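Observations on the model geometry
Chain by chain, the residues run as shown.
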Amino acid sequence: MNTTQHAEAEQLAEAFDLFEDWEDRYRFIIDLGKQLEPIDPTLKTEAHRVHGCQATVYMVPRIEKPAEGDAPIIHFLAEADAAIVNGLIAILTKIYSGQRASDILAFDIEGLLGRLGLEEHLSPTRRNGLHEMVKRIRATAQRADPSQA
Amino acid sequence: MQQMTPQQSIALNHKRIRAEFPALHQQVHGKPLVYLDNAATTQKPEAVIDTIDRYYREDNANIHRGIHALAERATEAYEGARTRVAQFLNARTDREIIFTRGTTEAINLVAQSWGRANLAPGDEVLISHMEHHSNIVPWQIACQQTGATLKVIPIDDHGQLDMDKLDELLTEKTKLLGIVQMSNALGTINPVATITRKAKAVGAKVLVDAAQSVPHLGVDVQQLDCDFLAFSGHKIYGPTGIGALYGRLELLEEMPPYQSGGDMIKSVAFDGTVYNDPPYRFEAGTPNIAGGIALATAIDYVDQTVGLANIAMWEHELLTYATEQLSQVKGLKLIGTAERKASVLSFTLDFAHPLDAGTILDRQGIAVRTGHHCAQPVMDRYGIPATIRASLAVYNTKADIDALVVGLEKVREFV
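What you see as residue numbers is a count from 1 along each chain, following the sequence as written. Working convention: letters from A go to chains and numbers from 1 go to ligands, in the order in which they are written. Where totals are concerned, whole chains, interfaces and linings use all residues; where local detail is concerned, this predicted model gives features only for residues with pLDDT of at least 70, and gives and counts side-chain atom pairs only at 80 or more. Each side-chain value is worked out from all heavy atoms of the structure, with water and hydrogens disregarded.

As recorded in an unreviewed UniProt entry, chain B goes by Cysteine desulfurase and comes from Natronomicrosphaera hydrolytica.

In plain terms, the rule: UniProt positions are given in the numbering used here, feature names are shortened, and annotations may be inferred rather than shown by experiment.
Per an unreviewed UniProt entry, chain A goes by the name SufE family protein and belongs to Natronomicrosphaera hydrolytica. In the Sequence similarities (unreviewed entry) part of its UniProt record, chain A is described as follows: "Belongs to the SufE family."

1. Re the overall build of chain B
Definition in use: Segments assigned H or I by DSSP are reported as helices when at least four residues long, segments assigned E as strands when at least two residues long, and all are numbered from the N terminus. We compute the radius of gyration over the C-alpha atoms and compare it with the globule rule, which gives 2.2 Å times the number of residues raised to the power 0.38. When a residue's accessible area, from a 1.4 Å probe over protein chains only, is under 20% of the maximum for its type it is buried; when over 50% it is exposed; and in between it is partly exposed.
Secondary structure summary: chain B contains 14 helices and 17 strands in total. For 415 residues, the compact-globule formula gives about 22 Å, and the C-alpha radius of gyration of chain B, at 22 Å, lands near that figure. For the C-alpha atoms alone, the extent of chain B along its principal axes is close to 70 × 55 × 40 Å. By the burial criterion, 58% of the 415 residues in chain B qualify as buried.

2. Points about the sheet that holds strand β6 (residues 149-153) of chain B
The strands making up a sheet associate through hydrogen bonds between their backbones, and the pairing can be parallel or antiparallel. Residue and element names in this part refer to chain B. Formally: Two strands make a pair as long as DSSP finds a minimum of two bridges between them. Angles here are taken between N-to-C directions and fall from 0 to 180 degrees, while the axes themselves are lines fitted to C-alpha atoms, restricted in helices to the stretch in contact.
What the seven strands build is an open sheet, ordered β4-β10-β9-β8-β7-β5-β6; its pairing is mixed. Each edge of the open sheet is held by one strand with a lone partner, namely β4 (97-100) and β6. With direction set aside, neighbouring strand axes in the sheet form an average angle of 20°. Sheet analysis places strand β9 (residues 228-232) next to strand β10 (residues 243-247), joined by five bridges and oriented antiparallel.

3. Notes on the sheet that holds strand β17 (residues 387-391) of chain B
Residues and elements named next belong to chain B. Overall, antiparallel pairing links the four strands, which are arranged β13-β14-β17-β16 in an open sheet. Where the open sheet ends on each side, the last strands, each with one partner, are β13 (332-335) and β16 (369-371). Along the sheet, successive strands turn relative to each other by an average axial angle of 30°, direction set aside. Two elements, strand β14 (residues 344-349) and β17, share four bridges in a ladder whose sense is antiparallel. The residue of β17 that forms the bridge with serine 346 is arginine 389.

4. A closer look at the interface of chain B and chain A
Test applied: Here a residue-residue contact requires only that any non-hydrogen atoms of the pair lie within 4.5 Å. Buried area is understood as the total, over both parts, of accessible area removed when two parts are fitted together, assessed with a 1.4 Å probe. Under this definition, polar contacts are N or O atom pairs within 3.5 Å; protein pairs additionally need one hydrogen-donor-capable and one acceptor-capable atom, and for neighbouring residues in sequence, both atoms have to be side-chain atoms.
Taken together, the contact between chain B and chain A spans 13 residues of the former and 16 residues of the latter. Across the chain B to chain A interface the summed buried area is about 1400 Å²; carbon plus sulfur atoms make up 57%. Its largest share of buried area at the contact with chain A, chain B owes to Leu355, Arg363 and Phe414 of chain B, together 45% of the area lost on that side. Taken together, the connections running from chain B to chain A amount to four residue pairs in polar contact (both at pLDDT 80 or more). The set of elements that each furnish at least two residues to the side of chain B that touches chain A consists of α12 (354-363), β16 and α14 (398-414) of chain B. When residues of the side of chain B that touches chain A are assigned to their parent elements, the largest contribution, five residues, is made by α12 of chain B.

5. Considering helix α7 (residues 192-201) of chain B
Residue and element names in this part refer to chain B. Filter applied, for reference: Throughout, the arc means that of the directions going from the helix axis to the C-beta atoms.
Looking at α7, one finds that the buried residues are Val192, Ile195, Thr196 and Ala199. Summarising the axial view, the buried residues of α7 lie within an arc of 100°, below the 170-degree limit, and thus occupy one face. Summarising the geometry of α7, the exposed residues directed more than 90 degrees from the buried face are Arg197 and Ala201. Of the residues one or two after α7, glycine 203 is the one with positive phi, at around 85°.

Here is the structure:
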């Protein structure tokens, strides 16, 4: 975990701590999703579709080629047709997008989801969808920086 | 509970009916449970739970072989359950009842046993656009294996079968017609007796998927005149992992085994095996004995304790009420508005994705189903990825519907 990821994770955890009931927590997640940058409709192709969730999810990764000697940086846009899933995508974006492949692979996502109480609040189906997105991000990172595999 | 007569108002006895189902009396996320996912599976009454408990505590033994008292008790109860299923479906003999794991296994049995033995290139299998995957995929596989072709009867915007197209598609090439009696995704009730008559006229065999209809309507295989009929125990207040296939005896006698192993044989030698008679020919291995016995208890509950006529009457009243109430929800669109339908309210919201709605309803203790309901072709027909489905059972009340409507307004606030 690098310092940005650490700060984002802290901020999320603190925000989640503020909410005592599920309603506020869900509202917060939905609001996070509303801030997501939309994906260009032409990029919503089968290759960018993430399966494993009841919602329709697209994720478009972009690898920033590093200067000599630097690690590649992974950016991605993602979008779902369901509001809560969009919020979960926003959380993943905060943690992962714009990060070095090595930091993406080193990040303890399970720990964060546990800390946010998301593991316990999400149904197994939803968790499955979330894990599919994380898998897709990690696979992109591994492709970008095979030395991390 | 004593049997109720149809003259009594079912609504008056709701307290008693609900008291029979322990799972209904719990809180979910701190709210009283409102269970509206009955098309997926129903809750179980005390009587069914007690039967399973008693079997394992007192009678547990393998059936058909043992000479000892427990084996005899278990065999008697299991075969008694077969007789009860036969009687419930009005089969001619209990030899026409094969215990399976459920509807899906029953249809697979017909596809793999009857289908592989009787289908050939040039033959056609006809199903409808409103089938769930369990009555599509087994036929796709059987057609691939035999060279037969799968044909589909279309449905209209209300979710009703296109009967003119049915007449067009039914030809002498049609060897089997597989049809759902009541759609799990739309609630549509199909005119199965009429369809069977038409299919018989061209010499086709008919399989009825009664998974959804058996708990809500009376099913009489002789009156329907079908060749096969499949249903699951868990949708009729019985346990999971048990169901039954009704098959016309003359057909079962000609059909080869589907799975092999104990109970499906008369004698085994390395140079040849003599298969047992139906239904045992199709029941390889130790079956779900407790499940079979408890299925009979569930049937008693439906058929005698409450009464199918009472169930149908109450559910009809509830469906009418629910349709009215949901129609008041702005932005809600019912999917499946057939003239004859039962127990299922499938809908979309213009303000929320089904997944968000399902999640927010769950937080309010309301259990509905969201998704494609294992009937993706139905969703494709309406150009939607999923619906929210509230499905009713005898223990549901108007208060459950009111809670759903309040819950949906909460969903609107959220998204």
